[in-house]
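Secondary and tertiary structure notes
As a plain string of letters, each chain reads:
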Amino acid sequence: MRMAYRGNAILRNTIWTCEPSAANNDWNWLTMGINFDFCIQNIKKKLILNDQLYGFDKEQNELLQIIKKTTDFGESDSAIILGPRGCGKSMLMDSVIKSLSPDSHTLVLLNGLIHTDDNLALKSIIQQLQMENLDGTFAEGSYADNISFLLESFRAGNKTASKSIIMVLDQFDMFCSHTNQTLLYNLFDSVQSQQNPLCIIGLTSRIDVIELLEKRVKSRFSHNIMMLKPLSETSQLLERFKHYLTINKHCNLKADVLKNWNNNIESLISDVRIQNLIKDLLKSSNNSAKFNQLIFMSLSNLSNDRILTVENLTNTYSTLFKKDMILVNLLGLSVLELCLVISICHHSEIYDQEPFNFEMIYDRYCKFASRNSTLLVTKRQVIIKAFERISVMQLILPAVVIENKNVLREYRLYKCSVNLDKVKTASNIYFRLPPVILQWIDSNII
């Protein structure tokens, strides 16, 4: 027991320090493996957190200058950051805030999805500024009382002695839908006044957000607009690929292991197959989440030689983003639902893809079930529910664009969106499908 405990202690010490033990050469190979795994875990951690800003240095410097005018010189200002969802707006904002001294400002965070009206937003501002009991005045009550309290507090400040306030309005377009945009008007009006230094930053994915502002609000906005464009070039995504996967010298690895890994990353970037894979990924989505997911899963599936290969990346890509959704849906059906799909495919082949209704399919299924003693004829209501689930999964589609609500659900017309070959493929993979159903798929149509 003592030996086991001692061994675990050595292993535990090796894991946390990630330093090879020179005293015991028997542990060198283990330490090497642990150090490498530690580096890979750090890469995966960064991919999960997704808190590293990459490719927006110009925008970062521009936003930093806007905010520093407020924190360093007491000049109030406002700006809006535009960009599609997932492009890095919040990450850009966080990176700039982290670069500032914590004592230089007070941060106020609002979100349009949480603060759904001006009163909620106003109370949150007062709470975050810790002004609930300022000068003996407790701020609660009507919206008019609260806004008056906040504006008087702003006017009491000045740009030399007062601490700067940075106010971030995430989902900024949601604030534009508030009644009369009263809060936005007063905040932007405070920016224009010579009082407490205030910087308002709005984050939104609505490109027409300026048009949503009322005229009186728009006139008080500073019109600093920053547009974040997601990666659109293959070369940019390959550079990000290299940036994420390159292991730096600070990681405690042997020189030959470090060189071997980084050289392999360089060769992957120049490989035509990886370049084509990145092109396909860009066509489907320019969101960084999918890219991070691809790298994360590829690192999780490293081979025993601990080298990231083209096959690893391509297989991971196919597994994550190239699934045949019709086949996946077919494999998720119950045996009854799969029998109904087979009946539908048979019916469509007989009648040359003519529309069908539930009654036709129900009749065909009952004929098959009655001829096979191994299958029980299920209650009609259960079969109707199974048929409706097939419709919800879009394995069958309505034959008409606008359905007549007066038509009973049993007589609504549908068209099949699955062919029999796809059903055969699914049946061969399906777990423990009764042999009689397999024979029914390949046999003559009833």
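Definitions and limits used
Along every chain, residues carry numbers that run from 1 in the direction the sequence is written. At least 70 in pLDDT is required for a residue's local features to be given in this predicted model, at least 80 for side-chain atom pairs to be given and counted, and no such filter applies to totals for whole chains, interfaces and linings, which use all residues. Where side-chain values are given, they derive from all heavy atoms of the structure, hydrogens and water being excluded. Three labels apply to residues, based on accessible area from a 1.4 Å probe with only protein chains included: buried if under 20% of the type maximum, exposed if over 50%, partly exposed otherwise in between. Helical segments are the DSSP runs of H or I of at least four residues, strand segments are the runs of E of at least two, and each set is numbered from the N terminus. Strands pair, by our definition, only if DSSP identifies at least two bridges between them. Cavity and pocket criteria rest on a 1 Å grid covering protein atoms alone: a 1.4 Å probe that fits but cannot get out defines a cavity, protein on both sides within 12 Å along at least 5 of 7 lines defines an open pocket, and an atom within 4 Å of a point defines a lining residue. Grid points are joined across faces, edges and corners, and a volume is the space filled by probe spheres set on the points. Side-chain classes follow a simple rule in which Ala, Val, Leu, Ile, Met, Phe, Trp, Tyr, Cys and Pro form the nonpolar group, Asp, Glu, Lys and Arg form the charged group, and the remainder, Gly included, forms the polar group. Working rule for helices: expected span equals 1.5 Å times residues minus one. Here a residue-residue contact requires only that any non-hydrogen atoms of the pair lie within 4.5 Å. A residue counts toward a patch only above 30% relative accessible area and without a salt bridge, and it is joined to like-charged neighbours within 9 Å or, for Val, Leu, Ile, Met, Phe, Trp and Tyr, to nonpolar neighbours within 5 Å. Only the protein chains shown count as cover for residues, and all accessible areas are computed by the Shrake-Rupley method using a 1.4 Å probe. A carboxyl oxygen of Asp or Glu within 4 Å of a side-chain nitrogen of Lys or Arg is what we treat as a salt bridge. With axes taken as lines fitted to C-alpha atoms, and helix axes fitted only over the stretch in contact, angles between N-to-C directions fall between 0 and 180 degrees. Put simply, angles under 35 degrees are roughly parallel, angles over 145 are roughly antiparallel, angles from 65 to 115 are roughly perpendicular, and the rest are oblique. Each helix crossing is assigned a hand: it is left-handed if the near helix lies turned anticlockwise from the far helix by less than a right angle, otherwise right-handed if that turn is clockwise. For every residue, the pLDDT score states the predictor's confidence, bounded by 0 at the bottom and 100 at the top. By definition, disulfides here are pairs of cysteine sulfur atoms that lie within 2.5 Å. Each Phe, Tyr or Trp ring (for Trp, its six-membered ring) is paired with any other whose centre lies within 6.5 Å, and the angle between the two planes then decides the class: stacked below 30 degrees, edge-to-face above 60, tilted in between. A ring is considered to have a charge above it if a Lys NZ or an Arg CZ atom is located within 6 Å of its centre and within 35 degrees of its normal.

Our next topic: the pairing of strand β6 (residues 198–204). Counting buried positions along β6 gives seven out of seven residues, so the element sits mostly inside the fold. The alternating pattern of β6 places Leu198, Ile200, Gly202 and Thr204 on one face and Cys199, Ile201 and Leu203 on the opposite face, and all of these are buried. In the sheet, strand β1 (residues 77–82) pairs with β6 via six bridges, with the strands oriented parallel. When the sheet's bridge partners are listed, Leu82 is paired in β6 with Thr204. Of the strand pairs in this sheet, strand β5 (residues 164–170) and β6 are connected by six bridges, and their pairing is parallel. When the sheet's bridge partners are listed, Met167 is paired in β6 with Ile200.

Here the focus is the layout of surface pockets. There is about 320 Å³ of room inside the largest pocket. Considering the residues around the largest pocket, the lining is formed by 17 residues, among which Ile43, Lys46, Thr246, Ile247 and Asn248 are closest to the centre. Those elements giving two or more residues to the lining of the largest pocket turn out to be α2 (28–49) and α11 (234–245). Sort the elements by how many residues they give to the lining of the largest pocket and α2 lands first, with seven residues. Residue composition of the lining of the largest pocket, grouped by class: eight nonpolar, eight polar and one charged.

What follows is about empty space enclosed by the protein. Counted by the stated rule, this structure contains two cavities of 30 Å³ or more. By volume, the largest cavity amounts to about 110 Å³. Along the walls of the largest cavity sit 15 residues, with Leu231, Arg240, Asn286, Asn287 and Ser288 positioned nearest its centre. Listing elements by their share of the lining of the largest cavity, those giving two or more residues are α11, α13 (272–284) and α14 (288–300). For the lining of the largest cavity, the per-class residue count stands at eight nonpolar, five polar and two charged. If you add up the space inside the second largest cavity, you get close to 70 Å³. In terms of lining, the second largest cavity is formed by Asn50, Gln52, Leu53, Tyr54, Phe56, Cys87, Gly88, Met91, Arg240, Tyr244 and Ser288. Its residues assigned to classes, the lining of the second largest cavity shows six nonpolar, four polar and one charged.

With 14 residues, helix α6 (residues 143–156) should reach 20 Å at 1.5 Å per residue; the first-to-last C-alpha distance of 20 Å fits that figure. Considered for burial, the residues of α6 that qualify are Asn146, Ile147, Phe149, Leu150, Leu151, Ser153 and Phe154.

So, about the side chain of Thr70. Position of Thr70 relative to the elements: it lies in helix α3 (residues 57–73). For Thr70, the residues in contact, after removing those within four places along its chain, are Glu75, Ser76, Asp77, Ser164, Pro197, Leu198 and Cys199.

Attention now moves to a nonpolar patch on the surface. Together, Leu113, Ile114 and Met174 make up an exposed nonpolar region whose accessible area comes to about 290 Å². Mapping Leu113 onto the fold places it in the loop between β2 (105–111) and α5 (118–128). Judged by relative accessible area, Leu113 falls into the exposed class, the value being 54%.

Our next topic: the packing of α11 against α13. One can describe the packing of α11 onto α13 by two numbers: an axis separation of 10 Å at closest approach and a directional angle of 110°. The pairing of α11 with α13 is recorded here as roughly perpendicular in orientation. Considering only the axes of α11 and α13, their crossing is right-handed. Across the interface between the two elements, Thr234, Leu237 and Leu238 of α11 pack against Ile274, Gln275, Ile278, Lys279, Leu281 and Leu282 of α13. The residue inventory of the contact of α11 with α13, partitioned by class, reads six nonpolar, two polar and one charged.

Taken together, the five strands give an open sheet; going across it, the order is β2-β5-β6-β1-β7, and neighbouring strands pair in parallel fashion. Either end of the sheet is taken by a strand with one partner, and the two such strands are β2 and β7 (225–227). Each strand of the sheet is rotated relative to its neighbour by a mean of 15°, with strand direction disregarded.

This part covers the confidence of the model for the protein. When pLDDT is averaged along the protein, the result is 84; 89% of the residues meet or exceed 70. This model gives residues 1–32 a pLDDT under 50, and the stretch forms 27 contacts once residues within four places in sequence are excluded. Below a pLDDT of 50 lies the segment residues 134–138, which in the model reaches seven contacts outside its immediate sequence neighbourhood of four places, other chains included.

Checked against the element boundaries, Leu313 lands in helix α15 (residues 310–321). Residues Leu313 and Arg273 lie 40 residues apart in sequence; the distance between their C-alpha atoms is 9.8 Å. If sequence neighbours within four positions are ignored, Leu313 has contacts with Phe241, Leu268, Ile274, Leu277, Leu294, Ser298 and Leu308.

Under the definition given, this model contains one disulfide. There is a disulfide in this structure between Cys39 and Cys251, and the S-S distance comes to 1.5 Å. The sign of the S-S torsion, about -75°, decides the handedness of the disulfide formed by Cys39 and Cys251: left-handed. Placement of the pair is Cys39 in helix α2 and Cys251 in the loop between α11 and α12 (255–270), with a sequence separation of 212 residues. Grouping residues by exposure puts Cys39 and Cys251 together as buried.

Using the criterion set out here, one finds ten aromatic pairs in the structure. Taken together, Phe358, Tyr362, Phe387 and Tyr414 form an aromatic cluster joined through their ring pairs. Sitting over the ring of Tyr362, Arg380 keeps its end group 5.2 Å from the ring centre.

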